[in-house]
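# Close look at the chain arrangement
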Amino acid sequence: MPDKLAVFDLDGTLCDAGTLAVSPETIAAIDHLKATGILPIVASGRSYYEVKDLLELLDLHTFILANGCYIVYHDQVIQNYQFPTAAIEDVLAAATDHHDAVGFFNQQGFAISEMTPLTRQHVARMRVTNVPMTVTITNTRRSTF
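What this report covers is the structure whose coordinates are included nearby. Everything numeric in this text was worked out from a predicted model, so none of it was measured.

### Side note on the nonpolar core
- Among the nonpolar cores identified, the biggest contains 18 residues, and Leu 10, Leu 14, Val 42, Leu 55, Leu 58, Phe 63 and Leu 65 are the most heavily contacted of them.
- Those elements giving two or more residues to this core turn out to be helix 1 (24-35), strand 2 (38-43), helix 2 (48-58), strand 3 (63-65) and strand 4 (70-73).
- Of all the elements, helix 2 adds the most residues to this core, at four residues.
- Beyond its immediate sequence surroundings of up to four residues, Phe 63 is in contact with Ile 41, Val 42, Tyr 48, Leu 55, Tyr 70, Ile 71 and Val 72.

Here is the structure:
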């Protein structure tokens, strides 16, 4: 374990809000931290599939993603929380009952139950040009919500 850590958010901190672009100065600053024995760590609500290219560009191997659900330390996964299948089924059933769209993500991608004005707005804000997959709700299990 290094003596010092530097933890950074992405959106609006290392990257301009809404983009995953970093300046040459940011890249140089990350390199300087590593050269001086400080371990730079990205901590973000984003998922791995969203930031993989950026992590590779910055040569970062320790990060906390998905609001702490996915944690990697020196390329070793130490936390990969996954929502229980029964709970997902309950959420899908509740969404169906209330005629709401719902979305889920993991470290490989995301899925939404339907494209609505609200989900379109979210996809646009995240600058996703192609929704990777869509969940079809076929479960009629009753929710406990």
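### Remarks on the sheet that holds strand 3
- Taking strand neighbours across the sheet as the criterion, the five strands line up as 1-2-3-4-5 in an open arrangement whose pairing is mixed. Across the chains shown, the open sheet's two edge strands, defined by having one partner strand only, are strand 1 (4-8) and strand 5 (76-80). Neighbour to neighbour, the strand axes of the sheet diverge by 15° on average, direction disregarded.
- Summarising the sheet, strand 1 and strand 2 pair through five bridges and their orientation is parallel. Within strand 2, the position partnered with Lys 4 by the bridge is Ile 38.
- In the packing of helix 1 onto the sheet, the strands contacted are strand 1 and strand 2, and the crossing angle to strand 2 comes to about 135°.

### A short note on the pattern of salt bridges
- Counted by the stated rule, this structure contains five salt bridges.
- The salt bridge involving Asp 31 is made with Lys 34; its shortest N-O contact spans 3.7 Å. A residue pair is termed a helical-turn pair when its members lie 3 or 4 positions apart in one helix, as Asp 31 and Lys 34 do in helix 1 at three residues.
- Taking relative accessible area as the criterion, Lys 34 reaches 30% and is therefore assigned partly exposed.
- Here Asp 59 ties to Lys 34 by a salt bridge, and the two come within 3.9 Å at their closest N and O atoms. With Asp 59 in the loop between helix 2 and strand 3 and Lys 34 in helix 1, this residue pair connects regions lying 25 residues apart in the sequence.
- Look at the salt bridges and you will find they share partners, linking Asp 11, Arg 46 and Glu 50 into a network.

### Digging into the pairing of strand 4
- Side chains Tyr 70 and Val 72 of strand 4 all project onto a buried face; the interleaved residues Ile 71 and Tyr 73 project onto a face where none is buried.
- With three bridges joining them, strand 3 and strand 4 adopt antiparallel strand pairing. Bridge pairing in strand 4 links Leu 65 to Tyr 70.
- The turn linking strand 3 back onto strand 4 is made up of four residues, and Ala 66 within it adopts a positive phi angle of 50°.
- In terms of strand pairing, strand 4 meets strand 5 through four bridges, oriented antiparallel.

### Section: unusual backbone geometry
- Of note in this structure, Asp 59 is not a glycine but carries a positive phi near 55°.
- The phi angle at His 99 is positive, at roughly 55°, despite the residue not being glycine.

Conventions used here
- Residues numbered from 1 in each chain as written.
- Predicted model: local features only at pLDDT ≥ 70, side-chain atom pairs only at ≥ 80, totals over all residues.
- Heavy atoms only, no water.
- Core = buried A, V, L, I, M, F, W, Y, C linked by side-chain atoms within 4.5 Å.
- Buried < 20%, exposed > 50% of the residue type's maximum accessible area, 1.4 Å probe, protein only.
- Helix = DSSP H or I, 4+ residues; strand = E, 2+ residues; numbered from the N terminus.
- Contact = heavy atoms within 4.5 Å.
- Pairing = 2+ DSSP bridges.
- Axes fitted to C-alpha atoms, helices over the stretch in contact; angles between N-to-C directions.
- Salt bridge = Lys/Arg side-chain N within 4 Å of Asp/Glu carboxyl O.

Purely geometric numbers; function is a separate question.
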